[in-house]
Structure formats: structure tokens, C-alpha cells
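Per-entry structural report
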Number of protein chains: 2
Amino acid sequence: MADINTIAQQFVEFYYSTFDGNRSNLSSLYRAGSMLTWEGTPIQSAASIIEKLTTLPFSKVQHKVETLDAQPSSPSTPSIIVAVTGLLQVDDSPNPLQFSQTFHLIPDEGSYYVQNDIFRLNYGA
Amino acid sequence: MADINTIAQQFVEFYYSTFDGNRSNLSSLYRAGSMLTWEGTPIQSAASIIEKLTTLPFSKVQHKVETLDAQPSSPSTPSIIVAVTGLLQVDDSPNPLQFSQTFHLIPDEGSYYVQNDIFRLNYGA
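Residues numbered from 1 in each chain as written. Chains lettered and ligands numbered in written order. Predicted model: local features only at pLDDT ≥ 70, side-chain atom pairs only at ≥ 80, totals over all residues. Heavy atoms only, no water.

In the nomenclature of an unreviewed UniProt entry, chain A is known as Nuclear transport factor 2 of Lentinula raphanica. Turning to chain A, the UniProt annotation filed under Function (unreviewed entry) states: "Has a role in nuclear-cytoplasmic transport of proteins and mRNAs." (UniProt positions renumbered as here; feature names shortened; annotations may be inferred.)

The next thing to look at is the relation of the copies chain B and chain A. Both copies of the chain are related through a single rotation about an axis accompanied by a shift along the same axis. Between chain B and chain A, the superposition needs a rotation of 180° and an axial shift of 0.0 Å, giving an RMSD of 0.0 Å. These values place the two chain copies in the arrangement generated by a two-fold rotation axis. Looking at the interface residues of chain B, 100% of them are also at the interface in chain A, so both copies use one shared face. (Least-squares fit on C-alpha atoms with pLDDT ≥ 70 in both. Contact = heavy atoms within 4.5 Å.)

What follows is about the sheet that holds strand β1 (residues 30-38) of chain A. Residue and element names in this part refer to chain A. Pairing is mixed in the open sheet, where 6 strands are placed in the order β2-β1-β6-β5-β4-β3. Because the sheet does not close on itself, it has two edges, and the strands there are β2 (41-44) and β3 (61-72). This sheet shows a mean twist of 15° between the axes of neighbouring strands, independent of strand direction. In terms of strand pairing, strand β5 (residues 97-108) meets strand β6 (residues 111-122) through 11 bridges, oriented antiparallel. For D108, the partnering residue across the bridge sits in β6 and is S111. Together, β1 and β2 form the strand contacts of helix α2 (residues 46-54), whose direction differs from that of β1 by roughly 40°. (Pairing = 2+ DSSP bridges. Helix = DSSP H or I, 4+ residues; strand = E, 2+ residues; numbered from the N terminus. Axes fitted to C-alpha atoms, helices over the stretch in contact; angles between N-to-C directions.)

For chain A, per-residue confidence averages 94 on the pLDDT scale, and residues scoring 70 or more make up 97% of the total. The ipTM value of the predicted complex is 0.94, and its pTM value is 0.95. (pLDDT = per-residue confidence, 0-100.)

Before going further, it helps to spend a moment on the interface of chain B and chain A. Contact with chain B, which involves 31 residues of that partner, is made by 31 residues of chain A. With both chains or domains summed, chain B and chain A bury close to 2500 Å², and 57% of this area falls on carbon and sulfur atoms. Contact with chain A buries surface across chain B, with B:D69, B:Q71 and B:I118 losing the most and accounting together for 24% of the total. The salt bridge partner of B:D69 is A:R120, with a shortest N-O separation of 2.8 Å. Our count for the contact surface shared by chain B and chain A stands at 14 residue pairs in polar contact (both at pLDDT 80 or more). Secondary structure elements with two or more residues in the side of chain B that touches chain A: β1 (30-38), β3 (61-72), β4 (80-90), β5 (97-108) and β6 (111-122) of chain B. (Buried area = accessible area lost by both parts, 1.4 Å probe. Salt bridge = Lys/Arg side-chain N within 4 Å of Asp/Glu carboxyl O. Polar contact = N/O pair within 3.5 Å; in protein donor to acceptor, adjacent residues only side chain to side chain.)

Attention shifts here to the side chain of B:D117. Relative to the helices and strands, B:D117 is located in strand β6. Side chain to side chain, B:D117 and B:Q101 meet in a polar contact 2.8 Å long. When residues no more than four places from it in sequence are discounted, the contact partners of B:D117 are A:Q71, B:Y15, B:Y30, B:M35, B:L36, B:T37, B:Q101, B:T102 and B:F103.

As defined by bridge partners, β1(A) adjoins β2(A) across 4 bridges and the pair is classed as antiparallel. By the bridge assignment for β2(A), A:L36 is matched with A:I43.

All names here are of chain A. Its 18 residues give helix α1 (residues 4-21) an end-to-end C-alpha distance of 25 Å, which sits within 8% of 26 Å, the value for a rise of 1.5 Å per residue. By the burial criterion, the buried members of α1 are I7, A8, F11, V12, Y15, Y16, T18 and F19. Down the axis of α1, the smallest arc covering the buried residues is 160°, so these residues share one side. In this structure, the buried side of α1 is in contact with β1, α2, β3, β4 (80-90), β5 and β6. (Expected span 1.5 Å × (residues − 1). Buried < 20%, exposed > 50% of the residue type's maximum accessible area, 1.4 Å probe, protein only. Arc of directions from axis to C-beta.)

The following block contains the structure:
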């Protein structure tokens, strides 16, 4: 099996390129029990998460990952916690926004799905 | 049992007030298998984590939590993922630094310990 840093990197590249390309294609990454907290709003289930993501009030979006850290979420499971910080450019706004996002990835049939997803914009001091 | 948002809030208040008061007292929150990734550096075990935290190159430090989100880390366990963003004031620097921190809390004998801890400063655009 690939090491968790490689898995985390591949996941993050896939996640944000899909998000920036066609957000509705993210549905394969979530399950019925998946949870997203988006800017403090809790959302549960793949269907509700995709509805939320596809109705966000912007059309063009581009994520730039700045830091990526991964850890096994327990000594006894192959699940992975991934923490990302980066910049988000939305529509034609000249100023990118800083964001932080935490994922909890659970192995499933040779791949991983997102059990937990917490997203926040960081507005700074 | 208290709901997870209350537990997360109490944990975060205790964690940062202890960090800002006397970092060596954080040792009770970690176990031998706990993991910290500090600014990209992976560290394992309570002893090594406390050694890292107590030798950070500042004496005065104050955390200000800006956002706090919590989710159960799986449908079947009472473990909690906590994501924090906030500001960090170090020594007599006039400019606070933005930070993000992710914790994975595992229940243990009526309390919780930190299995995963990922800390990053956010330098912005």
C-alpha cells in the first residue's frame, strides 16, 4: 500500500481539481453518513453535501494548496486525517482567500471516501 | 454525555489556556501513540510532543480562537475531530499570526486524549 502522505497528496490533488472543474463530480467521494461542516454549517449525507457545494454562490473557483499534512487517525485503522491550508480564488476577484480544510478519509474497496470534511475561510487579524 | 460541540469547546478552552500558561502541563492530554505534526514536522509520543512544545522559541504566547468546528470521527465511535482557526500572539510581537489546528480526541476513562494534532501557521496570500 502506498504510504499515507502519498495517498493524502493524491486525494487532495483529485479533490481540488474536481472541485474546480465540476463540483458535482465530488459525489463519488462521499457516503450517506459523511459529514461536512461548511463555514460553521453542518451538513450530512453525500446528497446534501453535493447540493451545498454545487449551489455555492460562485461559478469559477481555483484552489491552491499551500500546506498538506496527514496522519493515520488511529494506531489500529488505515483511516487518514488530512489537514490542508491554501488559497482560494473565486470568480474574477483579484484577492485570493485563505482557507483551511480537514478531511477524514476511510478506506473502502481499494479507495477512500470522505467521512469528515470541515472547511473554513480564514479572515486573518 | 455532553454533546460533542460542548466537549470540543471545553477541550479547546482547556488546551489553549494550558498552552499559554504552562505548556508542560499539556502532557496529560497525550499518550504514547499520540501524533503531532508541527509546521510539517512529525512527532510521536507524549514525551516527544511535550519536549517539542516546551522548546518552541518563544516564552509568552496567547491563542485567540476564532472558529471551532467538531464532528464525530465515525458513525460508530465517540471520538471527535476538532478543527480550530485563530490568532497567535507571540512574545511582544505586535502582529498576531493566523493558525489552523486539527485535533482527533479519543474518549478514555471519562475524559479525552489527543490521538492526532496537526498545527500550521497560515501566512496568507
